[in-house]
Amino acid sequence: IELYAGKDDEDKAPGDVGNFGDNFKPADAEEYEALQLKELKNGRLAMVAFFGMLAQEFLTKQSVFEQIATGHISPFGDGQGFF
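Okay, so let's go over this structure.

Parameters and conventions
Residues numbered from 1 in each chain as written. Predicted model: local features only at pLDDT ≥ 70, side-chain atom pairs only at ≥ 80, totals over all residues. Heavy atoms only, no water. Helix = DSSP H or I, 4+ residues; strand = E, 2+ residues; numbered from the N terminus. Buried < 20%, exposed > 50% of the residue type's maximum accessible area, 1.4 Å probe, protein only. Areas by Shrake-Rupley, 256 points an atom, 1.4 Å probe, with all protein chains shown as cover. Patch = residues over 30% accessible without salt bridge, like charges linked within 9 Å, V, L, I, M, F, W, Y side chains within 5 Å. Salt bridge = Lys/Arg side-chain N within 4 Å of Asp/Glu carboxyl O. Lys, Arg positive; Asp, Glu negative; His and termini not counted. Charge placed at Lys NZ, Arg CZ, Asp CG, Glu CD. Polar contact = N/O pair within 3.5 Å; in protein donor to acceptor, adjacent residues only side chain to side chain. Expected span 1.5 Å × (residues − 1).

Attention now goes to the overall build of the protein chain. Helices and strands together make up the secondary structure of the protein chain, namely two helices and zero strands. Within the protein chain, the proportion of its 83 residues that are buried is 6%. Taken as a whole, the protein chain presents about 7,700 Å² of accessible surface, with 61% of it coming from carbon and sulfur.

Right, here's the structure in full:
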């Protein structure tokens, strides 16, 4: 796939898929930069949330879904989970 269909064009930046989504891109350069910053911050927040889920699973030795199913969702020292 990488040799033919998935081969990157050396003239394009990573993630540049041509004119896909241009209808949703703001015409103003400042609005576009603000939109890019919002998307970057959203991605960073998602990574922090995912790390929180991993830390919760490491400390309680239960997956997030197991904790919800068994009712162990309180981190306030009430005898549920690791806390």
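A contiguous patch of negative charge on the surface is contributed by Asp28, Glu30, Glu31 and Glu33. On the secondary structure map, Glu31 appears in helix 1 (residues 29–60).

Turning to the side chain of Thr60, a few remarks are in order. Mapping Thr60 onto the fold places it in helix 1. At 2.8 Å, the side chain of Thr60 forms a polar contact with the backbone oxygen of Gln56.

The end-to-end C-alpha distance of helix 1, which contains 32 residues, comes to 47 Å, matching closely the 46 Å that a straight helix rising 1.5 Å per residue would cover. Residue Lys61 follows helix 1 closely and has a positive phi angle near 60°.

Topologically, Gln67 is positioned in helix 2 (residues 64–70). The exposure class assigned to Gln67 is buried, which follows from its relative accessible area of 2%. A distance of 2.4 Å separates the side chain of Gln67 from the side chain of Thr60, its partner in a polar contact.

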